[in-house]
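# Working through the structure, step by step
Residue strings, one per chain:
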Amino acid sequence: MKLKYYKINYKKMKNYKKLFSIFLTTLFIVSCSKDDSIPTVEEPTGYTQYGTPFSQVPATEDMIVYEVNIRSFSANGDLQSVINRLDNIKSLGVNTIWLMPIYPVGAVNSVNSPYCVKNYKEVATEYGNLTTLRNLTTQAHQKGMTVILDWVANHTSWDNPWITTHSDWYTKNSSGQIIHPAGTNWTDVADLNFGNQEMRLAMIDAMKYWVLEANIDGFRCDYADGVPFDFWQQAITNLNTIPNRDLIFLAEGNRNDHFTAGFDMNYAWDFYAKSKAIWNGESAANLYTTNTTEYTNVPSGKHKIRFTTNHDESAWDATPMTLFNGKNGALAASVATIFMNGVPLFYTGQEVGRLNTVSFFNSTPIDWNTNPDMLLAYQNMMTFYKNSNASKKGMITTYPSNDILCFQKVYNSENVLIFVNTRNTPITFLLPTGLQNTNWNEAMTNGTYSLSTSINLSAYQYLILKN
């Protein structure tokens, strides 16, 4: 089915033509002398700074990100509904809100995907207008949260004005016809030509528009693996020249050169896949190996973003309630994902245990009144996490087991110990010698907890201990 390829291709399919372009452009950059400058975009004369740039952008290691599917976030499916629930988002410890694409959707060959952008400098009327977006960023900033926009650089809709005015900004076949992205079946979108410098500068100019006119704090960049390294480097370098700004850049992809280009974070696809495998019977110890491998080439200060769901997964795969075998399994998987390493990501409806898939091609509103106990568990968990330096950046020690995740994180004098039963059955875990007969406090109740020589964990039970 065509729509499903939105998930498969974004993560896995090889866009050979683009990859060849990436190779050539990277080779070009390496061959240039250190005096060669990156092409810059002149400061836009028609844009003005709206509001005051946010001065409390969190360090990458301190970020907690929430992805908003605007269409399903409420019955109205608009930005005002997001404004109305900002306190609810903040209750999860969130300090960075990622809005899925806010732009008008193309009508030609359309499947109503928000990633089919008709105009890079407009807010779709289904969501509101520029004033609504400005109100959202203003109120989010007042509550201590940043706002980043989803940026779709790889392609546009077939009725984007660029097609008519600048057809040379698009990739063409041997007959001179604009094509959809090679190696995909995304026929609702037209492939952009990153060999064209004018197109690049126009796109960077459009990104600057939102930073200045809407006072947004950065971008989550869609299908970043399909866009050449040197464009991302050029764009991020240019955007970072905007005065008084500390911008956030998240790449949807896992290429190592994203960090060199200037991204702060990219995706932990391997960790997500391994978590699902473990909750389906694979040895829990393998998650430690994946954790280490994913971070092997991540520079200091940069991070992987980790999740048990996002808009692709909840639309095409399943929600955490299905993938991790119910409410307790979903919570247990979140504990492992949030506390092991990386930047935590929440997705619309995850916190109340949405059972059915969540479309982003149309409205499937979340019932925010379901599973209040699950919401409370997430709130308590994240209240501790956001205030715990050991949880966010502590040195990790792991204790391998087939069924139980047991790991310890230490930062200065703070010590956090995590247990997660990855099985839907009670498990008795023999404690490592160094943990036997030690005393702790339960992180979320501060009650005392004494370990003996073993610990009994019920199905999908987790414990977060501190001392």
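Scroll up a little and you will see the structure.
Residues numbered from 1 in each chain as written. Predicted model: local features only at pLDDT ≥ 70, side-chain atom pairs only at ≥ 80, totals over all residues. Heavy atoms only, no water.

### Focus on the overall build of the chain
In terms of regular secondary structure, the chain is built from 17 helices and 18 strands. In terms of overall dimensions, the chain is globule-like: its C-alpha atoms have a radius of gyration of 23 Å, near the 23 Å expected for 467 residues. Counting only C-alpha atoms and orienting by the principal axes, one finds that the chain spans roughly 70 × 50 × 45 Å. Long-range contacts, defined here as pairs at least 24 residues apart, represent 72% of the contacts in the chain between residues at least 6 apart. Side-chain charges in the chain split into 35 positive and 39 negative, and the spacing between the mean points of these groups amounts to 4 Å. (Helix = DSSP H or I, 4+ residues; strand = E, 2+ residues; numbered from the N terminus. Rg over C-alpha atoms; globule rule 2.2 N^0.38 Å. Contact = heavy atoms within 4.5 Å. Lys, Arg positive; Asp, Glu negative; His and termini not counted. Charge placed at Lys NZ, Arg CZ, Asp CG, Glu CD.)

### Some thoughts on the sheet that holds strand E15 (residues 439-442)
Here we have six strands laid out as an open sheet, ordered E11-E12-E13-E18-E15-E16, and antiparallel in their pairing. A strand with exactly one partner marks an edge of an open sheet, and here the two such strands are strand E11 (395-398) and strand E16 (448-450). Looking at each pair of strands side by side, their axes are set apart by 30° on average, direction ignored. As defined by bridge partners, strand E12 (residues 404-411) adjoins strand E13 (residues 414-421) across eight bridges and the pair is classed as antiparallel. Counterpart to Leu 405 in the pairing with E13 is Val 420. Across the face of the sheet, helix H16 (residues 372-386) comes into contact with E13 and strand E18 (462-466) while running at roughly 30° to E18. (Pairing = 2+ DSSP bridges. Axes fitted to C-alpha atoms, helices over the stretch in contact; angles between N-to-C directions.)

### As for the packing of helix H11 (residues 269-279) against helix H12 (residues 286-294)
Packed helix pairs are specified by the crossing angle of their axes together with the interaxial distance, meaning the distance between the axes. Where H11 contacts H12, the two axes come as close as 9 Å, and the packing angle between them is 175°. Judged by the inter-axis angle, H11 sits roughly antiparallel to H12. Residue-level contacts link Trp 269, Asp 270, Phe 271, Lys 274, Ser 275 and Ile 278 of H11 to Asn 286, Leu 287, Thr 290, Asn 291 and Glu 294 of H12. When its residues are assigned to classes, the contact of H11 with H12 shows four nonpolar, four polar and three charged. (Parallel < 35°, antiparallel > 145°, perpendicular 65-115°, else oblique. Nonpolar A, V, L, I, M, F, W, Y, C, P; charged D, E, K, R; others polar.)

### Considering the sheet that holds strand E9 (residues 303-306)
Around the barrel, which closes on itself, the eight strands sit in the order E1-E2-E3-E6-E7-E8-E9-E10 with parallel pairing between neighbours. Strand-to-strand twist in this sheet, taken as the mean axis angle between neighbours without regard to direction, amounts to 25°. Both strand E8 (residues 265-267) and E9 contribute to a ladder of three bridges, which runs parallel. If you follow Asn 266 over to E9, its bridge partner there is Lys 304.

### Focus on the environment of Leu 431
By secondary structure assignment, the location of Leu 431 is in the loop between strand E14 (427-430) and E15. Since its relative accessible area comes to 3%, Leu 431 is described here as buried. On a C-alpha basis, the gap between Leu 431 and Tyr 399 in space is 8.8 Å, while along the polypeptide they are 32 residues apart. Beyond its immediate stretch of four places on either side in the chain, Leu 431 contacts Phe 419, Gln 436, Leu 451, Ser 452, Thr 453, Ser 454 and Ile 455. (Buried < 20%, exposed > 50% of the residue type's maximum accessible area, 1.4 Å probe, protein only.)

### Some details on the side chain of Arg 134
Tracing the chain through its elements places Arg 134 in helix H6 (residues 130-142). Setting aside anything within four residues of it in sequence, one finds Arg 134 in contact with Tyr 50, Glu 213 and Ala 214.

### A short note on the pairing of strand E1 (residues 65-68)
Residue alternation in E1 divides its side chains into two sets, Val 65 and Glu 67 and Tyr 66 and Val 68, and both sets are buried. By the bridge criterion, four bridges tie E1 to strand E2 (residues 96-99) in an arrangement that is parallel. What sits directly across from Glu 67, in E2, is Trp 98.

### Things to note about the packing of helix H8 (residues 197-213) against helix H9 (residues 229-239)
One can describe the packing of H8 onto H9 by two numbers: an axis separation of 10 Å at closest approach and a directional angle of 40°. One element, H8, and the other, H9, form an angle in the oblique class. In terms of crossing hand, the pair formed by H8 and H9 is right-handed. Of the residues in H9, those touching H8 at Gln 197, Arg 200, Leu 201, Met 203, Ile 204, Met 207 and Lys 208 are Asp 230, Phe 231, Gln 234, Ala 235, Asn 238 and Leu 239. Classifying every residue of the contact of H8 with H9 by side-chain character gives seven nonpolar, three polar and three charged. (Left-handed = near helix turned anticlockwise from the far one by under 90°.)

### Some details on the packing of aromatic side chains
Applying the stated rule across the entire model yields 26 aromatic pairs. Look at Phe 346 and Tyr 378: their rings are 5.3 Å apart centre to centre, the planes differ by 80°, and that puts the pair in the edge-to-face class. Taken together, the residues span a long stretch of sequence, with Phe 346 in strand E10 (residues 343-347) and Tyr 378 in helix H16 at a distance of 32 residues. The two residues Phe 346 and Tyr 378 agree in class, both being buried. One aromatic cluster is present, formed by Tyr 47, Tyr 103, Tyr 120, Trp 151, Trp 162, Trp 169, Tyr 209, Trp 210 and Phe 219 through successive ring pairs. (Phe/Tyr/Trp six-rings, centres within 6.5 Å; stacked < 30°, edge-to-face > 60°.)

### Regarding H8
Relative to the 24 Å expected for 17 residues at 1.5 Å per residue, H8 spans 24 Å between its end C-alpha atoms, a close match to the ideal helical length. Where burial is concerned, most of H8 is hidden: 14 out of the 17 residues are buried. Positive backbone phi, at 60°, marks Asn 215, one or two positions downstream of H8. (Expected span 1.5 Å × (residues − 1).)

### Details of the pattern of salt bridges
Per the stated rule, a full pass over the model turns up 16 salt bridges. With its nearest N and O atoms 3.3 Å apart, the salt bridge here joins Glu 252 to Arg 220. On the criterion of sequence distance, the pair formed by Glu 252 in the loop between strand E7 (248-251) and helix H10 (257-261) and Arg 220 in strand E6 (residues 218-221) is long-range, its members being 32 residues apart. With a relative accessible area of 0%, Arg 220 lands in the buried category. With a closest N to O distance of 2.9 Å, Asp 257 and Arg 255 form a salt bridge. Taken together, the shared-partner salt bridges connect Asp 150, Arg 220, Asp 222 and Glu 252 into one network. (Salt bridge = Lys/Arg side-chain N within 4 Å of Asp/Glu carboxyl O.)

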